[in-house]
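# Geometric and topological summary
Here is how the chains run, residue by residue.
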Amino acid sequence: MVPDLTHADDPQGGGPSLDDICAFPEEVPAGIYDYDHRPGGEIPRFHTVYLNYTGEPDGLFTGGENSAENMSNIARSGHPYPVYGGGEERAIAAAQAVAADFQDWAVNVVYLERPPKVLPYTMVMIGGHHSDTTAGPSGGVAPLDCEDFGQRNVCYAFQNNSPATQQANVISQEIGHTLGLGHTSASDSVMAAGYANTQGGDLGFNETCAPTIQVQGQSASCTGVNRCHCGVPDAQHDWQTLSTTFSPAGVDVVEPTIAIVEPADGAVFQDGDTIRVEFDPWDDVGGYGWKMMIEDSAGELIVDQVDYERALEFDLVGVPPGVYTLTGLIRDHADHVTTTSITITVEGEAADGTAGSGEGDTAAEDTADEDTAAEEGTAASDDAGQDGTGVDEGCGCVTERTPISGHALWLLALVGFVRRRR
């Protein structure tokens, strides 16, 4: 992710002002904390981090950053990623230490069960070796995503047999990069550029402005964000940076809502029509996700598609004649799940000349995840050189901006996402 982009596709105001969140608002260049005005991108927000100790036998794939679909720009496409080799006791101890690092914020750190696809989350691949990615020798590697714009990044901690506290330091640093933190010289911070010359033990996030460190081949830090909190581009305040993006730790008691704006319940279409489905999701804090599901008249789930791009609209093309139930499902990081459904009819003759039942032939698999319409079912040092791949081998913060995308397998030939302009 390229640091400090103007994120908003359609600026519309809202959210805290720079005067509210910045110690030096007059130093902030245009585009910083300008927000991602699509639903789900509001700040402050809740978030989840999944520590993947089980590996991926089918590997991860390049082409974007999408934790739900095993997509990572640092991956060796299709290369099996190994299971963590440090044992259960060490894994649990490291996970607990990482969770403690994020205890000030509404950032859930989990490792026993992978979050459902609909929920935006960061995934950390733990174990393996740098050769299991496109990175060079390093303790870990991660994309640098200022303001955590993507919300679905994948990072790596090449840790197996080192002490649990050392593993936790590396894991938390790689997570920190995906959430918008660069390297610093603060010896008491997990964001230190290398641990060999810093104090030992379990480190945390620094609560003062510390000088950033430029590592060859990567952006040193999110310079515009640094100007907000420290007044200069080359000093970073870990704690304030995270506190601006993420809500304080606490209980989320407000359930999200989702409405289907169009089509209307009971709408009738003709065979061959393009059917526009538009959603209006809401929650009191950012970080939520939503998806569309379609069932035919027999109750078979034939489409289960997350709106990864948060575009709010789907165009359905080539829907066979029949009666269909369209459902919108929204989920937040407190495991609140809300759904809403409508029924539509497509009139016409089925391919065999009989009236369409809505069951139809399928052209591809859907991308079902763990949720249904009713319910749902967490010091190797970072010092190394540069291998010329555009990834820093010390911790490897990727600086190319790439779109967030998934392996969209459209059952009914859904024609892409169409952004709603406001």
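Before going further, it helps to spend a moment on the overall build of the protein. If you tally the helices and strands in the protein, you get five helices and 16 strands. Expressed as a percentage of the 422 residues in the protein, the buried residues total 55%. Roughly 15,800 Å² of accessible area belongs to the protein as shown, and the carbon and sulfur atoms make up 50% of that amount.

Turning our attention to the packing of aromatic side chains. On inspection of all chains with the given rule, the structure shows eleven aromatic pairs. Relative to Phe 205, the ring of Trp 105 lies with its centre 6.0 Å away and its plane at 80 degrees, an arrangement referred to as edge-to-face. Of the two residues, Trp 105 sits in the loop between helix 2 (88-101) and strand 2 (107-110) while Phe 205 sits in the loop between helix 3 (164-178) and strand 6 (209-211), which places them 100 residues apart along the sequence. Given a relative accessible area of 5%, Trp 105 falls into the buried group. With a centroid separation of 6.0 Å and an interplanar angle of 40 degrees, the aromatic rings of Tyr 288 and Trp 290 are classed as tilted.

On to the environment of Asp 332. The topology assignment puts Asp 332 in the loop between strand 14 (322-331) and strand 15 (337-347). For Asp 332, a relative accessible area of 2% puts it in the buried group. C-alpha of Asp 332 to C-alpha of His 47: the two residues are 285 residues apart in sequence and 8.8 Å apart in space. Those residues in contact with Asp 332 that lie beyond four places of it in its chain are Leu 119, Asp 252, Val 254, Pro 256, Asp 283 and Tyr 288. A polar side-chain atom of Asp 332 sits 3.0 Å from the main-chain amide nitrogen of Ala 334.

This brings us to the sheet that holds strand 15. With mixed pairing, five strands are arranged side by side in an open sheet as 9-15-14-11-12. Only two strands of the sheet have a single neighbouring strand rather than two, namely strand 9 (268-270) and strand 12 (301-306). The average undirected angle you get between the axes of adjacent strands in this sheet is 25 degrees. By the bridge criterion, three bridges tie strand 9 to strand 15 in an arrangement that is parallel. Paired with Gln 270 across the two strands is Glu 347, which belongs to strand 15.

Moving on: the pairing of strand 12. Taking burial as the measure, the six residues of strand 12 include five buried ones, the bulk of the element. As paired strands, strand 11 (residues 289-295) and strand 12 are joined by five bridges and run antiparallel to one another. From the neighbouring strand, Met 292 faces strand 12, where its bridge partner is Gln 305. Hairpin remark: strand 11 followed by strand 12, antiparallel, with five residues in the connecting loop; positive phi at Gly 299, about 85 degrees.

Turning next to helix 4 (residues 223-230). Taking burial as the measure, the eight residues of helix 4 include six buried ones, the bulk of the element. Among the residues of helix 4, those classed as buried are Gly 224, Val 225, Asn 226, Cys 228, His 229 and Cys 230. Where the residues of helix 4 are buried, they touch helix 1 (18-21), strand 6, strand 7 (235-237) and helix 5 (238-245).

So, about the state of the cysteines. Counted according to the given criterion, the structure contains three disulfides. Here Cys 22 connects covalently by a disulfide to Cys 228, the sulfurs 2.0 Å from one another. Classification of the bridge connecting Cys 22 and Cys 228 rests on its S-S torsion, roughly -100 degrees, and on that basis the disulfide is left-handed. Taken together, the residues Cys 22 in the loop between helix 1 and strand 1 (47-52) and Cys 228 in helix 4 connect sequence positions 206 residues apart. Classification of Cys 228 by relative accessible area gives buried; the value is 0%. At a sulfur-sulfur separation of 2.1 Å, the disulfide partner of Cys 209 is Cys 230. For the disulfide bridge between Cys 209 and Cys 230, the dihedral angle about the S-S bond is near -95 degrees, and by the sign convention the bridge is left-handed. With Cys 209 in strand 6 and Cys 230 in helix 4, this residue pair connects regions lying 21 residues apart in the sequence.

Overall, the prediction assigns the protein a mean pLDDT of 82, with 77% of residues at 70 or greater. Every residue in residues 1-13 is under pLDDT 50, and counting partners more than four places away or in other chains gives 49 contacts. In the predicted structure, residues 351-422 sits below a pLDDT of 50 and forms 237 contacts with residues beyond four places in sequence or in another chain.

Here we take up helix 5. Within the sequence span of helix 5, burial applies to Asp 238, Thr 241, Leu 242, Thr 244 and Thr 245. Angularly, the buried residues of helix 5 cover 160 degrees about the axis, an arc narrow enough to put them on a single face. Packing partners of the buried residues in helix 5 comprise helix 1, helix 4 and strand 7.

Right, let's get into the pattern of salt bridges. Taken as a whole and assessed by the stated rule, the structure comprises eight salt bridges. One salt bridge in this structure joins Arg 276 and Glu 313, with 3.5 Å as the shortest N-O distance. Pair noted here: Arg 276 is in strand 10 (residues 275-282) and Glu 313 is in strand 13 (residues 313-316), with a separation of 37 residues, a long-range link. Asp 304 serves as the salt-bridge partner of Lys 291, at 3.0 Å between the closest nitrogen and oxygen. Taken together, the positions of Lys 291 in strand 11 and Asp 304 in strand 12 put the pair 13 residues apart, joining distant regions of the chain. For Asp 304, a relative accessible area of 1% translates into the label buried. A single salt-bridge network, built from bridges that share partners, covers Arg 276, Glu 313 and Asp 315.

The computed volume of the second largest cavity comes to approximately 80 Å³. In this structure, the second largest cavity is lined by eleven residues; those nearest its centre are Pro 120, Arg 152, Asp 307, Tyr 308 and Arg 310. In terms of residue class, the lining of the second largest cavity is built from five nonpolar, three polar and three charged.

Cut-offs and rules
Residues numbered from 1 in each chain as written. Predicted model: local features only at pLDDT ≥ 70, side-chain atom pairs only at ≥ 80, totals over all residues. Heavy atoms only, no water. Helix = DSSP H or I, 4+ residues; strand = E, 2+ residues; numbered from the N terminus. Buried < 20%, exposed > 50% of the residue type's maximum accessible area, 1.4 Å probe, protein only. Areas by Shrake-Rupley, 256 points an atom, 1.4 Å probe, with all protein chains shown as cover. Phe/Tyr/Trp six-rings, centres within 6.5 Å; stacked < 30°, edge-to-face > 60°. Contact = heavy atoms within 4.5 Å. Polar contact = N/O pair within 3.5 Å; in protein donor to acceptor, adjacent residues only side chain to side chain. Pairing = 2+ DSSP bridges. Axes fitted to C-alpha atoms, helices over the stretch in contact; angles between N-to-C directions. Disulfide = S-S within 2.5 Å. pLDDT = per-residue confidence, 0-100. Arc of directions from axis to C-beta. Salt bridge = Lys/Arg side-chain N within 4 Å of Asp/Glu carboxyl O. 1 Å grid on protein atoms, 1.4 Å probe; cavity = no way out; pocket = protein on both sides within 12 Å on 5 of 7 lines; lining within 4 Å. Points joined across faces, edges and corners; volume = space filled by probe spheres on them. Nonpolar A, V, L, I, M, F, W, Y, C, P; charged D, E, K, R; others polar.

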